[in-house]
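Chain residues, written in single-letter form:
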Amino acid sequence: MKILLVEDGPGIAEFVIHGLTAQGYEVEHVLDGEQGLKKAREPAFELIILDGMLPGLDGLDVLKQLRLDGVKTPVIMLSARTDLPNRLLGFESGADDYLPKPFFIEELVARIKVLMGRRTPASAQVLQVGELSLNLVSRRVFWQEVSASLSPREFSLLEYLMQSPGQIFSRKKILAHVWQIDFDPETNVVDVCIQRLKRKLSRTTNESALPIESVRGVGYRIRAD
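Residues numbered from 1 in each chain as written. Predicted model: local features only at pLDDT ≥ 70, side-chain atom pairs only at ≥ 80, totals over all residues. Heavy atoms only, no water.

Chemist: Any chance you could explain unusual backbone geometry here in plain terms?
Modeler: Across the chain, the bulk of peptide bonds are trans and the bulk of non-glycine residues have phi less than zero. Omega for the bond connecting Lys101 with Pro102 falls within 30 degrees of zero, at -5 degrees, which places this linkage in the cis form. Unlike most non-glycine residues, Gln144 shows phi in positive territory, near 55 degrees. Inspection of the secondary structure puts Gln144 in the loop between strand E8 (140-143) and strand E9 (146-149). Judged by relative accessible area, which is 39%, Gln144 ranks as partly exposed. (Helix = DSSP H or I, 4+ residues; strand = E, 2+ residues; numbered from the N terminus. Buried < 20%, exposed > 50% of the residue type's maximum accessible area, 1.4 Å probe, protein only.)

Below is the structure:
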């Protein structure tokens, strides 16, 4: 999935690009409204993340012009203007969602998935490995007779493992993907998160029957059978 990011703040842009790239999205970044308007007219992008306050052409003006031009690409607007009148103005101008700054990258990813889930078939909204299924929109996991809601970290970790059944992921790889930590901080957060997942799913079955497996001295995987 290719995303256009229109954001003039280098810190926020780097934060968003790093977080979305770690989730598997392809991100193209431009710095101002004029470039954003030109790029957003291209059919290559499935989603636009648009800063509300841009140099030159303001984000709201970009959005209004896109909708006048008939561009229907979904737009998530980012803005430090958090009061209700400005949020309503964003929606009235054609935004599909509005995320106030500052924000967590997990919330932005969740909003992207919900927004794009409305535009994709139901079959594309669920990851399935044997009896284990993960709804990418509701963020609920199902195992045999158990259904549980997941925290953002639990969801990201389980989704990462389920995308490649049978593949073993080291703790270092999981830390880089889920926590955006690209070094080993000698922490057990991965193990703790895995244990939370197992507890949520093992209410009606023995924990050893779960398809989430620990490979001693290596990492974790989802059993492919």
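Following the structure, the description resumes.
Chemist: For this particular structure, what's the right way to read helix H6 (residues 152-162)?
Modeler: Within an α-helix, residues lying three or four positions from one another point in the same direction, as the helix has 3.6 residues per turn. Most of H6 is tucked away, with 9 of its 11 residues classed as buried. Residues Glu154, Phe155, Ser156, Leu157, Leu158, Glu159, Tyr160, Leu161 and Met162 constitute the buried set of H6.

Chemist: What's the story with the sheet that holds strand E10 (residues 169-170) in this structure? I'm lost.
Modeler: Whether parallel or antiparallel, the strands of a sheet pair through hydrogen bonds between backbone atoms. Overall, antiparallel pairing links the 3 strands, which are arranged E10-E12-E11 in an open sheet. Only two strands of the sheet have a single neighbouring strand rather than two, namely E10 and strand E11 (212-215). Two elements, E10 and strand E12 (residues 219-222), share 2 bridges in a ladder whose sense is antiparallel. By the bridge assignment, Ser170 is partnered in E12 with Gly219. Packed onto the sheet, H6 meets E10, E11 and E12 and runs at close to 70 degrees relative to E12. Sitting on the sheet, helix H8 (residues 189-201) touches E11 and E12, and the angle it makes with E11 is about 145 degrees. (Pairing = 2+ DSSP bridges. Contact = heavy atoms within 4.5 Å. Axes fitted to C-alpha atoms, helices over the stretch in contact; angles between N-to-C directions.)

Chemist: Looking at this structure, I do not really get the packing of aromatic side chains. What am I missing?
Modeler: Note on aromatic pairs: each is described by the distance of the centres and the angle between the planes. Per the stated rule, a full pass over the model turns up 3 aromatic pairs. Between Phe15 and Phe103, the ring centres sit 5.8 Å apart and the planes meet at 55 degrees, which makes this aromatic pair tilted. Taken together, the positions of Phe15 in helix H1 (residues 10-22) and Phe103 in the loop between strand E5 (97-100) and helix H5 (105-117) put the pair 88 residues apart, joining distant regions of the chain. Phe103 sits in the buried class, given a relative accessible area of 12%. Where Tyr160 meets Phe169, the ring centres are 4.5 Å apart and the plane angle is 45 degrees; that geometry is what we call tilted. Accessibility classification places Tyr160 together with Phe169 in one group, the buried group. (Phe/Tyr/Trp six-rings, centres within 6.5 Å; stacked < 30°, edge-to-face > 60°.)

Chemist: Quick question: what am I supposed to make of the packing of helix H2 (residues 33-40) against helix H3 (residues 59-68) here?
Modeler: Geometrically, a packed helix pair is captured by the angle between its two axes and the distance between the axes. Viewed as axis vectors pointing N to C, H2 and H3 meet at an angle of 25 degrees, and their least axial separation amounts to 10 Å. What the angle tells us is that H2 and H3 run roughly parallel. In this structure, H2 meets H3 at a crossing whose hand is right-handed. Across the interface between the two elements, Gly33, Leu37 and Ala40 from H2 touch Val62, Gln65 and Leu66 from H3. When its residues are assigned to classes, the contact of H2 with H3 shows 4 nonpolar, 2 polar and no charged. (Parallel < 35°, antiparallel > 145°, perpendicular 65-115°, else oblique. Left-handed = near helix turned anticlockwise from the far one by under 90°. Nonpolar A, V, L, I, M, F, W, Y, C, P; charged D, E, K, R; others polar.)

Chemist: What am I meant to see in the nonpolar core here?
Modeler: Note on soluble globular proteins: their nonpolar side chains tend to be buried together. Residues Leu134, Leu157, Leu158 and Ile174 are the most contacted members of the largest nonpolar core, which totals 30 residues. Secondary structure elements with two or more residues in this core: strand E6 (126-129), strand E7 (132-135), E8, E9, H6, helix H7 (171-178), H8 and E12. By residue number, the principal contributor to this core is H6, which donates 6 residues. When residues no more than four places from it in sequence are discounted, the contact partners of Leu158 are Leu132, Leu134, Val141, Leu150, Leu197, Ile212 and Ile222. Within the second largest apolar cluster, 19 residues are counted, among which are Leu20, Tyr25, Val109 and Met116. (Core = buried A, V, L, I, M, F, W, Y, C linked by side-chain atoms within 4.5 Å.)

Chemist: Mind showing me how you'd approach the confidence of the model for the protein chain here?
Modeler: As a general rule, the predicted coordinates of low-pLDDT regions are not to be interpreted in detail. Residues at a pLDDT of 70 or more form 94% of the protein chain, whose mean pLDDT is 87. By mean pLDDT, helix H4 (residues 84-92) is the weakest element of the protein chain at 86, and strand E3 (residues 47-51) is the strongest at 95. (pLDDT = per-residue confidence, 0-100.)

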